[in-house]
Amino acid sequence: MATATATKAGKLLYIDGKWCEGEGGKTIGVINPATEEVICEMAFGSRKDTRRALEAAAKAMPAWMKLTPYDRAKVLKKTADLMRERADAIARTLTTEQGKPLAESKAEILHSADTFEWFAEEGKRAYGQVIPNSQPGKRHVTLKHPIGVVGAISPWNFPITLQSRKICPALAAGCTIVCKPASQTPLSLVQVFECMIEAGLPPGVANLVTGPAQEIADEFLENPVCRKISFTGSTEVGKQLMRGAADGLKRLSLELGGHAPFIVFPDADPEVGAKIAVTGKFRNNGQVCIAPSRFYVHKDVQKKFTEATVEFAKNLKLGNGLDAGVEIGPMFEKRAMENTIGLVEDAKKTGAKILTGGKRYEKFEKGYFFEPTVLSNLNMDAKIMTDEPFAPVMPLLDFSKLDDVIAAANNTRYGLAAYVFTNDLTVAWKMAEGLEAGIIGVNDPVPATPQCPFGGMKESGLGRELAHEGLEAYLETKYVSFKLRD
Ligand code: NAP
């Protein structure tokens, strides 16, 4: 079926080079969180569809891995070009299914296109080594070998970015892949698949399935054809996968939850710090794994920082992400909004004070809109201080000593991201060394970029995506020893 026809005919699975319905023709309604309307019905596959997709990926792999990295790069690079050409159209789909403002959606598509282009090049650098010999007549080398068929599971908050971080390195390394997007946000990924197909993707090399998450994951875990699972999502599901992966000793990459501290030092302008903090916090409604979630502000600048923060947060424009000038869209689903209401109520019960926001945005009858919220007087018993919030809520705390704030910031089971606001190089360096986080932004609220490693310490994950580490995650090292004739 031609790709354009696939889009028109409804949203289908893509298995072995063909758009197809899921087993039994089941579908699932995709909801626009700004209007609560069903946008369209997406095919909802099954474990059997997943098995078919894994088999197709296994069949496609020998030819794909034999291509030179230069030939594999052509497909990735052309996909990047097509994504850029179609960025506006894909961004509209993304905003409609996920809620984020159009500008953020477009930035996501362009960032993902950069990821395709970057891994097109990095695949050419899957170097082995020549290792000096200790015995005469012996020679030692290492070769890089693709891990095998990959099962890739991603969440709804960045449907394109997070699948791209798996598809691109896997394909660049010579692996083939079966992608499972979140059930609520599969549509924009369909459009990225259309770009890959037009770019020359051979049948079976990348496949797209939706369906009940547990069934799909069980097939990835139990089918010996699947050699690696790359998962982005909650820490709880990540742990389940890790337990399940033990039997088949499946390779795992886990990108999990976070609870990032944002630390404001007194040497720099607190109003500038407030602007950076608000930008980082309310992007995608705080539904970002690396979103700052606990704000430690030095006592000397607390008053000014708080006033500026409340002012910025109060003036953010809420609305349907498709409308011009909107800075904050709806949360992605009703459950997320209700969870946010619960977190704020719980914080209030434990003594927190609401400085702005704190409730559903009542101007709109429909849609999962929540007011950007700033809290003070936090008690450490409040759930928001320990549970990953994934919400547009900013809890403000204070501190006075560098060592104390490092200890407070590290007092969490998570270790994904951390942020520091300072112009003092010594302070920045001490914080970078002291913080237990895989990603540290110094005056930078949006640090992710394709060429730099992304991932967490502690219960925030295992391994790194992006950068050369992201490619290595899809490669095995083979050691070859030669004994030469005398
Ligand atoms: P989730 O429940 O773990 O879901 C994420 C994905 O896993 C979805 O595709 C979901 O499918 C699937 N899933 C659900 N239950 C599963 C199971 N038992 N076995 C296998 N897969 C399963 O996560 P979420 O709460 O929707 O997403 C937000 C989480 O993702 C947050 O914790 C956030 O920090 C994390 N995240 C991490 C990163 C990172 O790079 N570290 C980036 C973004 C988000 P269905 O949609 O079909 O349920």
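As the structure is a prediction and not an experimental result, all values here were calculated from the model.

K.L.:
Just checking my understanding: could you explain the overall build of the protein for this structure?
P.N.:
The secondary structure content of the protein amounts to 15 helices and 22 strands. In terms of overall dimensions, the protein is globule-like: its C-alpha atoms have a radius of gyration of 23 Å, near the 23 Å expected for 486 residues. By principal-axis analysis of the C-alpha atoms, the protein measures approximately 75 × 65 × 40 Å. Counting across all 486 residues of the protein, residues that qualify as buried make up 56%. Put simply, of all contacts in the protein between residues at least 6 apart along the chain, 73% involve residues at least 24 apart. Accessible surface, the protein: about 20,100 Å² in total, of which carbon and sulfur atoms supply 53%. If the 60 positive side-chain charges of the protein are averaged to one point and the 59 negative ones to another, these points end up 5 Å apart.

K.L.:
Hey, could you run me through the environment of Asp247 in this one?
P.N.:
Along the polypeptide, Asp247 turns up in the loop between α9 (235-245) and β11 (251-255). Between the C-alpha atoms of Asp247 and Gly22, which are 225 residues apart in sequence, the distance is 29 Å.

K.L.:
Before we go on, may I ask you to explain empty space enclosed by the protein in this structure?
P.N.:
A water-sized probe rolled over the atoms picks out the places where empty space is left. If you walk through the whole model with that rule in mind, you get two cavities of 30 Å³ or more. Looking at the largest cavity, its volume works out to about 70 Å³. What lines the largest cavity is a set of 16 residues, and nearest its centre among them are Pro261, Ala409, Tyr414, Ala417 and Glu436. Every element with two or more residues in the lining of the largest cavity is listed here: β12 (260-264), α13 (402-410), β17 (414-415) and β18 (417-421). Quantified by volume, the second largest cavity comes out at close to 40 Å³. Lining the second largest cavity, in full, are Gly258, His259, Lys281, Gly286, Val288, Cys289, Ala291, Ser293, Glu388, Pro389, Phe390 and Ala391. When its residues are assigned to classes, the lining of the second largest cavity shows six nonpolar, four polar and two charged.

K.L.:
Please clarify how the packing of α13 against helix α14 (residues 425-434) should be interpreted in this entry.
P.N.:
Two quantities define a packed helix pair, namely the angle between the axes and the distance from one axis to the other. Two numbers describe how α13 lies on α14: the axes approach to 10 Å, and their chain directions differ by 35°. The handedness of the crossing between α13 and α14 is right-handed. From α13, Leu402, Val405, Ile406 and Asn410 reach across to α14, where they touch Val427, Lys430, Met431 and Gly434. Split by residue class, the contact of α13 with α14 holds five nonpolar, two polar and one charged.

K.L.:
Whenever I open this one, the layout of surface pockets confuses me. Can you help?
P.N.:
Here the largest pocket defines a volume of roughly 1,100 Å³. Residue lining of the largest pocket: 41 residues in total, with Pro155, Trp156, Gly233, Ser234 and Arg335 positioned closest to the centre. Mapped onto the lining of the largest pocket, the elements with two or more residues apiece are α8 (213-222), β10 (226-232), α9 and α12 (334-349). Looking at the lining of the largest pocket residue by residue, the classes come out as 19 nonpolar, twelve polar and ten charged. Summarising the domain contributions, the lining of the largest pocket has at least three residues from each of domain 1 (6-256 + 459-480) and domain 2 (260-449).

K.L.:
Hey, could you run me through the environment of Phe332 in this one?
P.N.:
Mapping Phe332 onto the fold places it in the loop between α11 (302-314) and α12. With ten residues separating them along the chain, Phe332 and Leu322 place their C-alpha atoms 14 Å apart. Leave out the neighbours within four places in its chain, and Phe332 touches Pro33, Gln98, Trp156, Gln184, Gln287 and Tyr368.

K.L.:
Would you mind showing me how to read the site of the ligand here?
P.N.:
Around the ligand, 28 residues are found, and the nearest of them are Ser154, Trp156, Ser183, Ser234 and Glu388. A distance of 3.5 Å separates an oxygen atom of the ligand from a polar side-chain atom of Gln184. Gly233 places a polar main-chain atom, nitrogen or oxygen, 3.4 Å from an oxygen atom of the ligand. Coverage of the ligand by the protein chains reaches 86% of its 910 Å² of free accessible surface. The site holding the ligand turns out to be the largest pocket. With three residues, α8 is the largest single contributor of residues to the shell around the ligand.

K.L.:
I would appreciate a short explanation of the packing of aromatic side chains in the present structure.
P.N.:
Any aromatic ring pair is given by two values, namely how distant the centres are and how the planes are angled relative to each other. Within the structure shown, the criterion is met by ten aromatic pairs. Where Phe265 meets Phe399, the ring centres are 5.4 Å apart and the plane angle is 75°; that geometry is what we call edge-to-face. Highlighted residues: Phe265 in the loop between β12 and α10 (270-282) and Phe399 in strand β16 (residues 393-399), separated in sequence by 134 residues. For Phe265, a relative accessible area of 5% puts it in the buried group.

K.L.:
Mind showing me how you'd approach the domain arrangement of the protein here?
P.N.:
When the parts come together, some accessible area is lost, and that loss is often what is quoted as the size of the interface. Parsing the protein into structural domains produces domain 1 (6-256 + 459-480) and domain 2 (260-449). The C-alpha-based centres of domain 1 and domain 2 are spaced at 31 Å. On the domain 2 side, the residues contacting the 29 residues of domain 1 number 29 residues. Regarding the contact of domain 1 and domain 2, the summed buried area is about 2,400 Å², with carbon and sulfur atoms giving 54% of it. Taken together, domain 1 and domain 2 are joined by two salt bridges. Two residues, Glu236 and Arg413, come together in a salt bridge whose shortest N-O distance is 3.0 Å. Along the contact surface separating domain 1 from domain 2 lie twelve residue pairs in polar contact (both at pLDDT 80 or more). Counting only elements with at least two residues in the side of domain 1 that touches domain 2, the list comes to α4 (87-98), α5 (102-122) and α9. A breakdown of the residues in the side of domain 1 that touches domain 2 according to their chemical character gives nine nonpolar, ten polar and ten charged.

K.L.:
When you look at the nonpolar core in this model, what are you seeing that I'm missing?
P.N.:
Note on soluble globular proteins: their nonpolar side chains tend to be buried together. Ranked by internal contacts, the top residues of the largest apolar core, which has 114 residues, are Phe116, Ile177, Phe193, Leu201 and Ile290. Mapped onto the domain boundaries, this core takes at least three residues apiece from domain 1 (6-256 + 459-480) and domain 2 (260-449). Those residues within four positions of Ile290 in sequence are excluded, and the remaining contacts are Ala260, Arg283, Leu416, Ala417, Tyr419, Ile439, Pro447 and Phe454. Membership of the second largest hydrophobic core comes to 33 residues, among which are Ala182, Leu375, Ile384 and Leu397.

How each quantity is defined
Residues numbered from 1 in each chain as written. Predicted model: local features only at pLDDT ≥ 70, side-chain atom pairs only at ≥ 80, totals over all residues. Heavy atoms only, no water. Helix = DSSP H or I, 4+ residues; strand = E, 2+ residues; numbered from the N terminus. Rg over C-alpha atoms; globule rule 2.2 N^0.38 Å. Buried < 20%, exposed > 50% of the residue type's maximum accessible area, 1.4 Å probe, protein only. Contact = heavy atoms within 4.5 Å. Areas by Shrake-Rupley, 256 points an atom, 1.4 Å probe, with all protein chains shown as cover. Lys, Arg positive; Asp, Glu negative; His and termini not counted. Charge placed at Lys NZ, Arg CZ, Asp CG, Glu CD. 1 Å grid on protein atoms, 1.4 Å probe; cavity = no way out; pocket = protein on both sides within 12 Å on 5 of 7 lines; lining within 4 Å. Points joined across faces, edges and corners; volume = space filled by probe spheres on them. Nonpolar A, V, L, I, M, F, W, Y, C, P; charged D, E, K, R; others polar. Axes fitted to C-alpha atoms, helices over the stretch in contact; angles between N-to-C directions. Left-handed = near helix turned anticlockwise from the far one by under 90°. Domains from an automatic or database assignment. Near = heavy atom within 4 Å. Polar contact = N/O pair within 3.5 Å; in protein donor to acceptor, adjacent residues only side chain to side chain. Sits in = over half its atoms within 2 Å of the grid points. Phe/Tyr/Trp six-rings, centres within 6.5 Å; stacked < 30°, edge-to-face > 60°. Buried area = accessible area lost by both parts, 1.4 Å probe. Salt bridge = Lys/Arg side-chain N within 4 Å of Asp/Glu carboxyl O. Core = buried A, V, L, I, M, F, W, Y, C linked by side-chain atoms within 4.5 Å.

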